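# Structural features, examined
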Amino acid sequence: MQKSIEHDYSIDVVRILAMFLVCVNHVAGGYRGMANAPTIVDRAAAVSFWSLAFVSVNLFMLTTGYLGINHTWKTKSFLKLWGQVAFYCIGGLLLTALMSGHFSFSNSISIISPIPFANGYWYFTAYAGAFFLFPYLNKGFLALSHQEQKKLLLTLFIVICLFGFYNKSIWGGYNAVWLLVMYLAGAYIKLHPIVVKSRYLIGLYVSTSLIGGVLFSADSYMRHTYDVSLPLPGLDYTSPFTVCASLACFLICLRVKIASPWLRKMLVLIAPLTFAVYLIHTHPFLFGYFGRFARWIGEFSHYAWWHIPVVALLIFLFCLAVEYLRTRLFLGINSLIVRCKRTV
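Everything in this summary refers to the structure shown in the same document. Only a predicted model underlies this, so the values are computations on that prediction, with no experimental measurement involved. Within every chain, residues take consecutive numbers counted from 1 along the sequence as written. Given that the model is predicted, a residue must reach a pLDDT of at least 70 before its local features are reported, and side-chain atom pairs must reach 80 or more before they are shown or counted; all residues, however, enter totals for whole chains, interfaces and linings. Note: side-chain values were computed over all heavy atoms of the structure, leaving out hydrogens and water.

### Regarding the overall build of the protein chain
Each helix is a run of H or I in the DSSP string that is no shorter than four residues. Each strand is a run of E no shorter than two, and both are numbered from the N terminus. A tally of helices and strands in the protein chain yields 15 helices and zero strands. Think of it in three bands: with a 1.4 Å probe and only protein chains considered, a residue is buried below 20% of the maximum accessible area for its type, exposed above 50%, and partly exposed in between. When burial is assessed residue by residue, the protein chain has 44% of its 344 residues classed as buried. Taking all contacts inside the protein chain whose residues are at least 6 apart in sequence as the whole, residues at least 24 apart take part in 81%. Residue-level accessible areas treat just the shown protein chains as cover; the underlying method is Shrake-Rupley with a 1.4 Å probe. Accessible surface computed for the protein chain: about 18,500 Å², of which carbon and sulfur atoms make up 69%. Contacts: residue pairs with any heavy atoms within 4.5 Å of one another.

### Overview of the side chain of Thr 208
By the secondary structure assignment, Thr 208 is in helix α10 (residues 198-226). Each polar contact in these results corresponds to two N or O atoms within 3.5 Å; when the atoms are within protein, one needs to be able to donate a hydrogen and the other to accept it, and residues that are neighboring in sequence are counted only if both atoms are side-chain atoms. In this structure the side chain of Thr 208 is engaged in a polar contact, spanning 3.4 Å, whose partner is the backbone nitrogen of Ala 245. Ignoring anything within four residues of it in the chain, the contact list for Thr 208 reads Phe 241, Cys 244 and Ala 245.

### Here we look at the nonpolar core
In globular proteins that are soluble, nonpolar side chains generally tend to be buried together. Leu 59, Tyr 127, Phe 134, Phe 157 and Trp 178 are the most contacted members of the largest nonpolar core, which has 93 residues in total. By residue number, the principal contributor to this core is helix α1 (residues 9-30), which donates 13 residues. The residues contacting Phe 134, other than those within four sequence positions of it, are Met 61, Thr 64, Trp 73, Tyr 127, Leu 180 and Tyr 183. For this analysis, a nonpolar core means a set of buried residues of the types Ala, Val, Leu, Ile, Met, Phe, Trp, Tyr and Cys, connected via side-chain atoms within 4.5 Å.

### Some points on the packing of aromatic side chains
Each Phe, Tyr or Trp ring, with Trp reduced to its six-membered ring, pairs with another whose centre is within 6.5 Å; inter-plane angles below 30 degrees give stacked pairs, above 60 give edge-to-face pairs, and intermediate values give tilted ones. Counted by the stated rule, this structure contains 31 aromatic pairs. Relative to Tyr 88, the ring of Phe 87 has its centre 5.1 Å away and its plane inclined at 85 degrees; by these criteria the two rings are edge-to-face. For Phe 87, a relative accessible area of 35% translates into the label partly exposed. Tyr 88 sits in the buried class, given a relative accessible area of 9%. Measuring from centroid to centroid gives 5.4 Å for Phe 87 and Phe 330, while their planes differ by 90 degrees, and the two rings are edge-to-face.

### Observations concerning helix α9 (residues 176-191)
Because the α-helix completes a turn every 3.6 residues, residues three or four places apart line up on one side. For α9, with 16 residues, the first-to-last C-alpha span of 22 Å sits near the 22 Å given by 1.5 Å per residue. The N-terminus of α9 is capped by Asn 175, whose side-chain oxygen sits 3.3 Å from the backbone nitrogen of Val 177. The span one expects for a helix is its residue count, reduced by one, times 1.5 Å.

### Focus on unusual backbone geometry
Most peptide bonds adopt trans geometry, and most residues besides glycine take a negative phi value. In this structure, His 302 takes a positive phi of about 60 degrees despite not being glycine. Looking at where His 302 falls in the secondary structure, it is placed in the loop between α14 (287-301) and α15 (307-343). Not every positive phi belongs to a glycine, and Tyr 303 is a case in point at roughly 55 degrees. Mapped onto the secondary structure, Tyr 303 falls in the loop between α14 and α15. When its relative accessible area of 12% is taken as the criterion, Tyr 303 is described as buried.

### A few points about a nonpolar patch on the surface
Surface patches are drawn from residues lacking salt bridges whose relative accessible area is over 30%; two like charges belong together within 9 Å, two nonpolar side chains (Val, Leu, Ile, Met, Phe, Trp, Tyr) within 5 Å. Salt-bridge detection follows one rule: a side-chain nitrogen of Lys or Arg within 4 Å of a carboxyl oxygen of Asp or Glu. A cluster of nonpolar side chains, namely Trp 262, Leu 263, Met 266, Leu 269, Tyr 324 and Leu 325, defines an oily patch on the protein surface of about 600 Å² accessible area. Mapped onto the nonpolar patch, the elements with two or more residues apiece are α12 (261-270) and α15. Of all the elements, α12 adds the most residues to the nonpolar patch, at four residues. Under the relative-accessibility criterion, Met 266 is labelled partly exposed at 36%.

### Considering the pattern of salt bridges
Within the structure shown, the criterion is met by one salt bridge. Residues Glu 323 and Arg 326 are paired through a salt bridge, measuring 2.8 Å at the closest nitrogen-oxygen approach. Here Arg 326 and Glu 323 lie together in helix α15, a separation of three residues that amounts to about one turn. Using a relative accessible area of 14% as the deciding quantity, one classes Arg 326 as buried.

### Some details on the side chain of Asp 12
If you trace the backbone, Asp 12 turns up in helix α1. The side chain of Asp 12 is buried and forms no salt bridge, while Arg 15, the nearest opposite charge, is found at 4.1 Å. Under the counting rule used here, the positive set is Lys and Arg, the negative set is Asp and Glu, and His together with the chain ends is not counted.

### Let's talk about the packing of α14 against α15
Where α14 contacts α15, the axes come no closer than 10 Å and their chain directions differ by 140 degrees. As far as their axial angle goes, α15 and α14 are oblique. Remark: the crossing between α14 and α15 carries right-handed chirality. In contact with Phe 290, Phe 293, Ala 294, Ile 297, Gly 298 and Ser 301 of α14, α15 contributes His 307, Val 311, Leu 314, Ile 315, Phe 318 and Cys 319. Think of it as three bins: nonpolar holds Ala, Val, Leu, Ile, Met, Phe, Trp, Tyr, Cys and Pro, charged holds Asp, Glu, Lys and Arg, and polar takes everything else, Gly as well. When grouped by side-chain class, the residues that make up the contact of α14 with α15 number nine nonpolar, three polar and no charged. To get an axis, fit a line to the C-alpha atoms, keeping to the stretch in contact for a helix; angles then go from 0 to 180 degrees between the N-to-C directions. Each angle is binned into one of four classes, with values under 35 degrees roughly parallel, values over 145 roughly antiparallel, values of 65 to 115 roughly perpendicular, and all other values oblique. We call a crossing left-handed when the near helix sits turned anticlockwise from the far one by less than a right angle, and right-handed when that turn is clockwise.

Everything listed here is a matter of coordinates, which is why it stays silent on function.
Structural data, given as structure tokens:
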């Protein structure tokens, strides 16, 4: 009898947390939540929230590598994911055309092309470029010894993170190359669990995140005051501080133990819905509407220190609800098709 594989609920925690942090990032930066903070205290809180949330994209690829190193990657799984992307990509275009009464053919084509990489979503475009390399990465990485795997990752981090530390225009992480590096890091953690006390991991996550935020604030001040930019990257996906914070946050989440049956059910329900949160609120045509909502709440709250996490949570829950309704609709349609086939 084949032994069933126990579900890893900690990975569900990572996926849900990472997507919520994406929303925090966009509320803080994309919707100008930090820029509108009225006092120094509110701005410091806003920068802190953004800094702590900047690990979000790295968390996604760490999770992919953690799960994918022993996984057989099939084109079918990519096509299923692309179907979801195509639905929201085209659906968002049609929805905004109906709401605005205007349809720009040229802008629409630039967003949905090149198919199937959905030009409007940078992360999915980069992920698509990396996806077809996963099987080869798995074979090559597993063929290396433990020491060779460690040396490979160290070399990649030195070349990309530390070299980029002195020239932040070289790397930013918005590409398939960086996603592949994070994939290998997640794979390494799966193959060779890292044992560090939780309090040290929490301290590393908070301290390195906030150092990145301080560097970001200093760079912003220097650029606006003296028109000079610091050479040190504070909040970039490839920044050494962000990388350390991402690894620490990921290891912390892996230690989360979920014992409650109802909480386990909630995690299993919510985790598969989270990718749609990214597709909905970052849609090039819908992003502005979410921005208006964020600004409306900001005027009500006077952009107080709690503005960013609260607005991020509202956007997160709204998008989850939309995706839940979509999945139920599609399940209903599929069930109806199956019944029709049986009666024919």
